[in-house]
Amino acid sequence: MATGLTELLDNFVKNHNDRQLLAIPLAVLAVSLVVLLVSFVSSGSPVILGMEFQGGTQISVETTDSSAVLEEMYSSYPLNDVRQAGSRVIMQFGIMDDEQQGQLEKDVMSRYSNVQIQQVGPIYGKDLQAQAIKALIISFIGMAIVVFLLFRTFVPSFAVILSAFSDIVIAAAFMRVVGVELSLGTLAALLMLIGYSVDSDILLTNRILKRRGPVEEKVSRAMHTGITMTTTTLAALVVMYIISTFSYLLIPSFSQITLLSQISIVLIAGLFADILNTWLLNTGILRWYVMKPEFRGRYNR
Amino acid sequence: MSDKKSLFKNIRVIIFTLILLGSIVAIHPGYTPGEGTTSNLNFGLDLEGGSWLQIKLEGALAQIDADSGKLVSGIVEPLIGAPIEITKNDLDVGGSADKSITFTTSASVSASQLESLGTVSVDKLSGNTTQVTISSTSKEALIQAYLSKALDTEVVIISPETGIVYEIRTAVTEEQLETLIENVGGSIVKNEDGTSTYKEGVSSDTRDLTREILNDKLNSLGLKDIPVRTVGEDYILIDFAGIDLAKAKEIAEKPGKFEIRIQTTGNETEHVLYGDSIVSVGIPSFHDEQWHTPFTLNEDGARTLQKVALETGAIDNPEDHYLMMYLDEVEIYGAPLSYSAASKLREGPIYSWEASTGTDETAKTEAEALQIHLRAGALPVNVVLVGSGHVDAGLGEQFKTEALIAGLISLVAVAAVVYFRYKRPEILVPMVGTSFSEVIMILGVASLIGWQLDLASIAGIIASIGTGIDHLVIITDEVLYEGKLPPTKVFQSRIGKAFAIILGAASTNIIAMSPLVVMGFGSLKGFAIITIIGVFIGVVVARPVYGVIIKELLHVGESENGGITE
């Protein structure tokens, strides 16, 4: 799989000029930005905010009752959503006062087994929102500074940072389109993506700027390594996604692990975006840069 | 076979082996028939079962300036019920010498009414004018007294380097505070950059004090090892392992804000002290035909109680000045000072007290409840519940098993990809082996520092293993740049190049995670810390050894096969 993909990508890169290479990832980035913008204008937030950021209560129980039964049973509470996931039903409630909250918790715990409850107050949710934005921005700036310190030249550093930015934007747009909420887990995934994303970009930039040899060959060798890196990670994530999401279909006593399932699906989307961004966007910019006449082929021998 | 020898003489390999063995010892895996596997690993609530509560401390911090004359008017006028006229005021003059303020009024004033402001002297001037001088006071003390009175709460002065900050120990919005201070000709001070110094929350000292008190409280209820942690600036997180959410809330709701107030006139009461002035609480006993709950006050508490008793006149007339006890603003006890206590207070403060509840069985129960309440009442600030969670133990067990299975199969999947790419077991085995050792080392560190592994930490392990494999691929490809193993000299420089890339990537990774560690995002903090530990172990301990081992193995392989064709 890895080899096939590498060859395909390698040929594509060899047979297209820099402008053509940039067109595809930039188009995807543009579409993603539009998705986030439209969402922001229509709902006030670029991504769907999960319970942790909005305040509310999520209760998941093991039951053979259908979701309709539970919806009926808890209709006197501010029940927003009921979802069935294998042997479990997940209910989302709005904000309640302490008394109602306590009553609901007691009722659920006396009636069902293997209960999971998460409750976040609206004040804390607001606080988390602000912190999440701060964390993402600080992480990103920190990453950008390290990248600049590593390469000390503007264009190559900028290309790496742009790719990382694009990875996150595309992953976030994916979340919005597919309906994955921003939770603490998916926030962690977006931050992880910063780390994963720059790995292959640093490899590529390092090989091209600091190694001898024809650019074309250096790109294709870097691609061999880079795609192997990404596929190993993807393999691990796909397994994690399948097990945390669908294992209950095989083993009925198992449950969905929402946290791991969400983290892995966002990372999978982000890593696919990363393949695009590293090997088309970053490569395109870098190849244009090192072939500029003023370097007189310094990086191409 | 000199290769094998040199491998075990290599200092990196020795360190790696020692740390790996140390980790296994730290994890201490074991198997007891009937009980299943055991280890030293601590698991978080979402894997072990239990519940957690997150609470917010209510309060506000602000730097405040006010007109000292208006302040005195604002405090004194409502007390004496008549307007005053400031005649002399040196509070705004610099220097820390003994400062005083003098005012005249038509109403009669008793010194004890104003005692909390400073040293008071009252002189009767001609006609019905009274002249009052308050000395050894300061503007800060007046602001503190004013806010404390106006908001009916404790106000504490803290003096960090940037200026004097008032900590108001109840929820008050910036607008409310601004209005209150405007009434005394003042305002909330602005920072140099024009932003307000008002900040919701409490000082870190108060927060830590609250945490300590909660900690003691929960432990004294017989709940050992309930960790109470501060999260971010204003939050406290309490983990209740193995206790369900309803029970946890019940327990947490017990510690409340305990306060003793004294009746002033009619139904009016005045604050005397909070639960933190209570040093110890004894066991209820029956003597003098009454049930009693003994308790001891600290120096401050005893002196305040004496002072307030003198000021309010409770010493002369105990029956009109009941001492009331409140737990979370609800009255739980009320009684007058005994005559013996009243006369003793005239001489000096009393440290040991007894609250009597009556003669019958109900009184006994009441005395016992009072004992718990006196103990439970210690939080200096109001708290609100802002978040909670619960996982049944059975579900946690499922999560644990599933996460383990997911981890193992993930590793197999990675191994498959690596094998497919290189088709050489002498690369596959060290690569998977290195990754696996990295997991063991992370777990070793986790059990050594007593870290609670929750689902987020497991995600962190997966994240660092993910980048770990990436880095091993970089090393491998760098070493085999021309498809075969280069001579030692070239090999060293290749390894160097590989590490240049890896260190760059690892440092971005660590930098990207660090805001989460500092900001303290609840469970994400664990994720970030574990990721950073993992990346660090990987770069410093495990990956250098992979470089050494792969060289030896490929070297052996090559001399046996007589070269590689690829």
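Only a predicted model underlies this, so the values are computations on that prediction, with no experimental measurement involved.

Digging into the overall build of chain B
Part 1: When helices and strands are tallied, chain B shows 16 helices and 26 strands.
Part 2: Counting across all 566 residues of chain B, residues that qualify as buried make up 43%.
Part 3: Once local pairs closer than 6 in sequence are excluded, the contacts in chain B between residues at least 24 apart make up 68%.

Let's talk about the nonpolar core
Part 1: Core analysis: the largest hydrophobic core is formed by 176 residues, its most contacted members being Ala171(A), Ala188(A), Leu191(A) and Ala459(B).
Part 2: Broken down by element, this core gets its largest block of residues, 17 residues, from helix α10 (residues 258-290) of chain A.
Part 3: In this structure, Ala459(B) is in contact with Ala188(A), Leu259(A), Leu260(A), Ile263(A) and Phe527(B), ignoring residues within four places of it in sequence.
Part 4: In terms of nonpolar packing, the next biggest core, distinct from the first, is built from 31 residues, Phe103(B), Ile168(B), Val172(B) and Leu177(B) among them.

Side note on the sheet that holds strand β12 (residues 165-168) of chain B
All names here are of chain B.
Part 1: Pairing is antiparallel across the open sheet formed by four strands, whose spatial order is β11-β12-β5-β14. At either end of the open sheet lies a strand with only one pairing partner, and these are β11 (155-158) and β14 (199-200).
Part 2: In terms of strand pairing, β11 meets β12 through four bridges, oriented antiparallel. Note that in β12 the partner of Ile-158 across the bridge is Val-165.

Observations regarding the domain arrangement of chain A
Residues and elements named next belong to chain A.
Part 1: One can read the domain layout of chain A as domain 1 (2-49 + 124-295) and domain 2 (56-119).
Part 2: In this structure, domain 1 and domain 2 have C-alpha centres spaced 36 Å apart.
Part 3: The interface is formed by five residues belonging to domain 1 together with four residues belonging to domain 2.
Part 4: The residue makeup of the side of domain 1 that touches domain 2, split by class, is three nonpolar, two polar and no charged.

Re the sheet that holds strand β7 (residues 84-89) of chain B
Residue and element names in this part refer to chain B.
Part 1: With antiparallel pairing, the four strands of this open sheet are ordered in space as β7-β8-β10-β9. The sheet is open, and its two edges are formed by β7 and β9 (119-124), each paired on a single side. Direction aside, neighbouring strands of the sheet carry axes that sit 20° apart on average.

Focus on the confidence of the model for chain B
All names here are of chain B.
Part 1: Averaged over every residue, the pLDDT of chain B is 80; the share at 70 or more is 88%.
Part 2: When the elements of chain B are averaged for pLDDT, helix α1 (residues 2-9) gives the smallest value, 60, and helix α13 (residues 425-448) the largest, 90.
Part 3: Counted against residues more than four places away or in other chains, residues 561-566, with its pLDDT under 50, gives six contacts.
Part 4: Here the predicted complex carries an ipTM of 0.87, next to a pTM of 0.76.

Some words on the packing of helix α4 (residues 68-80) of chain B against helix α5 (residues 139-151) of chain B
In helix packing, the relevant descriptors are the interaxial angle and the interaxial distance, both defined with respect to the helix axes.
Residue and element names in this part refer to chain B.
Part 1: As a packed pair, α4 and α5 sit with axes 10 Å apart at the nearest point and diverge in direction by 35°. The handedness of the crossing between α4 and α5 is left-handed. Residues Ser-68, Leu-71, Val-72, Gly-74 and Ile-75 of α4 lie in contact with α5, whose contacting residues are Lys-139, Leu-142, Ile-143, Ala-145, Tyr-146 and Lys-149.
Part 2: By residue class, the composition of the contact of α4 with α5 is seven nonpolar, two polar and two charged.

Here we look at the environment of Val228(B)
All names here are of chain B.
Part 1: With respect to the element layout, Val-228 can be found in strand β15 (residues 228-231).
Part 2: In this structure Val-228 comes out as buried when scored by C-beta crowding, with 21 C-beta atoms within 10 Å.
Part 3: It is 6.7 Å that separates the C-alpha atoms of Val-228 and Asp-239, two residues lying eleven residues apart in sequence.
Part 4: Other than its neighbours up to four places away in sequence, Val-228 contacts Arg-211, Leu-214, Asn-215, Leu-218, Ile-236 and Ile-238.

A word on the interface of chain B and chain A
Part 1: Between chain B and chain A, the contact holds 61 residues from the first and 60 residues from the second.
Part 2: Of all the elements in the fold, those that place two or more residues in the side of chain B that touches chain A are β4 (50-57), α8 (245-253), β25 (383-391), α12 (393-422), α14 (455-479), α15 (488-519) and α16 (523-561) of chain B.
Part 3: Examining the composition of the side of chain B that touches chain A, we find that 17 residues originate from one element, α12(B), more than from any other.
Part 4: Class assignment of the residues belonging to the side of chain B that touches chain A gives a composition of 37 nonpolar, 16 polar and eight charged.
Part 5: Where strand β4 (residues 113-120) of chain A and β25(B) come together, five bridges link them in antiparallel fashion.

Here's the deal with the packing of α13(B) against α14(B)
Residues and elements named next belong to chain B.
Part 1: Taken N-terminus to C-terminus, the directions of α13 and α14 make an angle of 150°; their axes are 10 Å apart at the nearest point. Judged by the sense of rotation from one axis to the other, the crossing of α13 with α14 is right-handed. Where α13 abuts α14, its residues Ile-427, Met-431, Thr-434, Ser-435, Glu-438, Val-439 and Ile-442 lie against Ile-461, Ser-464, Ile-465, Gly-468, Ile-469, Leu-472 and Thr-476.
Part 2: Residue composition of the contact of α13 with α14, by class: eight nonpolar, five polar and one charged.

Overview of the confidence of the model for chain A
Part 1: Considering every residue of chain A, the mean pLDDT works out to 88; 99% of them sit at 70 or more.
Part 2: Averaged over each element, pLDDT in chain A is lowest for helix α1 (residues 2-15) of chain A (82) and highest for helix α7 (residues 154-178) of chain A (95).

Describing unusual backbone geometry
Leave glycine aside and you will find that most residues have negative phi; peptide bonds, for their part, are mostly trans.
All names here are of chain B.
Part 1: The backbone of His-28 shows a phi angle near 50°, a positive value even though the residue is not glycine.
Part 2: Among the residues examined, His-28 registers 12 C-beta atoms within 10 Å and is labelled exposed.
Part 3: The phi dihedral of Asp-288 is positive, around 50°, even though this residue is not glycine.
Part 4: Secondary-structure assignment places Asp-288 in the loop between β20 (285-287) and β21 (290-297).

Digging into the pairing of β9(B)
Residues and elements named next belong to chain B.
Part 1: Of all six residues in β9, zero are buried, a share of ten percent or less.
Part 2: Pairing analysis gives six bridges linking β9 to strand β10 (residues 130-135), with the strands arranged antiparallel. Note that in β10 the partner of Asp-123 across the bridge is Gln-131.
Part 3: Hairpin geometry of β9 and β10 is characterised by an intervening segment of five residues between the two adjacent antiparallel strands and by a positive phi of about 65° at Gly-127.

Calculation criteria
Residues numbered from 1 in each chain as written. Chains lettered and ligands numbered in written order. Predicted model: local features only at pLDDT ≥ 70, side-chain atom pairs only at ≥ 80, totals over all residues. Helix = DSSP H or I, 4+ residues; strand = E, 2+ residues; numbered from the N terminus. Buried ≥ 20, exposed ≤ 12 C-beta atoms within 10 Å, placed from the backbone. Contact = placed C-beta atoms within 7 Å. Core = buried A, V, L, I, M, F, W, Y, C linked by C-beta atoms within 7 Å. Pairing = 2+ DSSP bridges. Domains from an automatic or database assignment. Nonpolar A, V, L, I, M, F, W, Y, C, P; charged D, E, K, R; others polar. Axes fitted to C-alpha atoms, helices over the stretch in contact; angles between N-to-C directions. pLDDT = per-residue confidence, 0-100. Left-handed = near helix turned anticlockwise from the far one by under 90°.

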